[in-house]
Amino acid sequence: MAGFTATLLTGIVAPAGTPRDIIERWRGDIAKAVAGTDVKERLQGLGFAPVANTPDEFGARIKAEIAKWSKVVHDANIRAN
């Protein structure tokens, strides 16, 4: 579709209400992992651009993607069968 760019969004999410200290521990562990040369190179070789953003940044990205694709679905009058 003209004017739209689609990218793959992959991440790790947790159930609502997961304690913030657990989320932050996971985030720190994931950030360390994707910062490692071997993991970074492996992910890049698979076509991923590893990003270890914050839970708030990832949440904002998810919300932005939902808004963008909701508009596409609405404007194209796409319906589920």
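Described below are features of the structure shown in this document. (Residues numbered from 1 in each chain as written. Predicted model: local features only at pLDDT ≥ 70, side-chain atom pairs only at ≥ 80, totals over all residues. Heavy atoms only, no water.)

## Some words on the overall build of the chain
Here comes step 1: Per the secondary structure count, the chain includes three helices and zero strands.
Here comes step 2: Computed over the C-alpha atoms, the radius of gyration of the chain is 16 Å, more than 25% above the 12 Å expected from 2.2 N^0.38 for a compact globule of 81 residues.
Here comes step 3: The principal-axis extents of the C-alpha atoms in the chain amount to approximately 45 × 35 × 25 Å.
Here comes step 4: Within the chain, contacts between residues separated by at least 24 positions form 67% of all contacts whose residues are at least 6 apart in sequence.
Here comes step 5: With an accessible surface of roughly 6,500 Å², the chain has 59% of that area assigned to carbon and sulfur atoms.
Here comes step 6: Placing the 11 positive and 9 negative side-chain charges of the chain at their respective mean positions leaves the two points 5 Å apart. (Helix = DSSP H or I, 4+ residues; strand = E, 2+ residues; numbered from the N terminus. Rg over C-alpha atoms; globule rule 2.2 N^0.38 Å. Contact = heavy atoms within 4.5 Å. Areas by Shrake-Rupley, 256 points an atom, 1.4 Å probe, with all protein chains shown as cover. Lys, Arg positive; Asp, Glu negative; His and termini not counted. Charge placed at Lys NZ, Arg CZ, Asp CG, Glu CD.)

## Considering the pattern of salt bridges
Here comes step 1: Applying the stated criterion across every chain yields a total of five salt bridges.
Here comes step 2: Measuring nitrogen to oxygen at the nearest pair gives 3.4 Å for the salt bridge that ties Arg20 to Glu24. Of this pair, Arg20 and Glu24 both sit in helix α1 (residues 20-35), four residues apart, which is roughly one turn of the helix.
Here comes step 3: Residue classification places Glu24 among the partly exposed positions, given a relative accessible area of 34%.
Here comes step 4: As a salt-bridge pair, Lys68 and Glu65 come within 3.7 Å of each other at their nearest N and O atoms. A residue pair is termed a helical-turn pair when its members lie 3 or 4 positions apart in one helix, as Lys68 and Glu65 do in helix α3 (residues 55-75) at three residues.
Here comes step 5: Overall, the relative accessible area of 23% leaves Lys68 in the partly exposed class. (Salt bridge = Lys/Arg side-chain N within 4 Å of Asp/Glu carboxyl O. Buried < 20%, exposed > 50% of the residue type's maximum accessible area, 1.4 Å probe, protein only.)

By themselves, these figures tell us nothing about what the structure is for.
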